Amino acid sequence: DRDFRYLIANKAFAEQGFGTTPEDVVGKDDYTFAPAELVDGNPEKGIVGFRVDDRKALSGEIVRNPYDVVVHKDGSQHILDTTKSPLYDDEGRIIGTVGMGRDITEQHRAHERERLAHELGQQLTRLLTPDELLHATVEQVAGVFGYYHAHIYLLDEEGEQLVVREGLGEAGQTMKQAGHRIPLN
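Residues numbered from 1 in each chain as written. Predicted model: local features only at pLDDT ≥ 70, side-chain atom pairs only at ≥ 80, totals over all residues. Heavy atoms only, no water.

Read across the open sheet, the three strands follow the order β1-β2-β3; overall the sheet is antiparallel. Strands at the two margins of the open sheet, each flanked by one partner only, are β1 (63–71) and β3 (94–103). Strand after strand, the sheet turns through a mean of 40 degrees between neighbouring axes, direction not considered. The sheet contact formed by β1 and strand β2 (residues 77–88) spans seven bridges and is antiparallel. Looking at β2, one finds that N65 is bridged to T82. On the sheet, helix α5 (residues 50–58) packs against β1, β2 and β3 and is oriented at approximately 150 degrees with respect to β1. Its contacts with the sheet place helix α6 (residues 105–126) against β1, β2 and β3, and it is angled at close to 130 degrees to β2. (Pairing = 2+ DSSP bridges. Helix = DSSP H or I, 4+ residues; strand = E, 2+ residues; numbered from the N terminus. Axes fitted to C-alpha atoms, helices over the stretch in contact; angles between N-to-C directions. Contact = heavy atoms within 4.5 Å.)

So, about the side chain of K84. For K84, the position within the fold is in strand β2. Given a relative accessible area of 12%, K84 falls into the buried group. At a separation of 2.8 Å, a polar atom in the side chain of K84 contacts the side chain of D54. Excluding residues that lie within four positions of it along the chain, K84 makes contacts with F50, D53, D54, A57, E61, I62, V63, V98 and G99. (Buried < 20%, exposed > 50% of the residue type's maximum accessible area, 1.4 Å probe, protein only. Polar contact = N/O pair within 3.5 Å; in protein donor to acceptor, adjacent residues only side chain to side chain.)

Turning our attention to the pattern of salt bridges. A side chain with one charge may pair with a side chain of the opposite charge, provided their charged atoms come close. Counted according to the given criterion, the structure contains 16 salt bridges. With a closest N to O distance of 3.1 Å, E37 and K45 form a salt bridge. The partner of D89 in a salt bridge is R93, and the shortest N-O contact between them spans 2.9 Å. Given a relative accessible area of 49%, R93 falls into the partly exposed group. Where salt bridges share partners, they join D1, D3 and R5 into one cluster. (Salt bridge = Lys/Arg side-chain N within 4 Å of Asp/Glu carboxyl O.)

Checked against the element boundaries, G75 lands in the loop between β1 and β2. Assessed through its relative accessible area of 52%, G75 is described here as exposed. When the C-alpha positions of G75 and E37 are compared, they lie 14 Å apart, and in sequence the two are 38 residues distant.

So, about the sheet that holds strand β4 (residues 151–155). In space, the three strands of this open sheet follow the order β4-β5-β6, with antiparallel pairing throughout. The sheet is open, and its two edges are formed by β4 and β6 (181–183), each paired on a single side. For this sheet the average axis-to-axis angle between neighbouring strands, irrespective of direction, equals 30 degrees. Helix α7 (residues 130–145) rests against β4 and β5 (161–167) of the sheet, and its axis sits at about 75 degrees to β5. Where helix α8 (residues 169–178) meets the sheet, its contacts fall on β4 and β5, and the angle it forms with β5 comes to roughly 130 degrees.

See below:
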């Protein structure tokens, strides 16, 4: 409605997004279910915010947001491609918004992996040593995917074991210094 409360919600939206029933969503607003950063937006993170889109739809615009960040009840972050439109009453007055969303999280992750591969390829042409390449690779992988540590194993000269050649984080450095190995047979 015009006060940003839900008038209706479908089962998938209520259960996947909020971990509740459609009936429980009705009458509540986004702050009940989502962090303020997602509701109000955070330009530094590229998050427009639900309310920004809602206000535009309440002014009569049809709004498409191809990067609408949501957090499901289980804590997992998803990227939706959403469209919000004005909802009219019988007399043509805007009484709220209606929204549709499509989960594009996997497509977004695939795009990030492609971007990472491209960046690593670019770095490969500039780096002088294999050690620099390995270190840059673990840093990039950890940064893009939010890992607190990452490891790179290389096959030993005998072709019998994988050996940690680079590691990020305390665990990675400890494993590298200890020469951690994984036998292949």
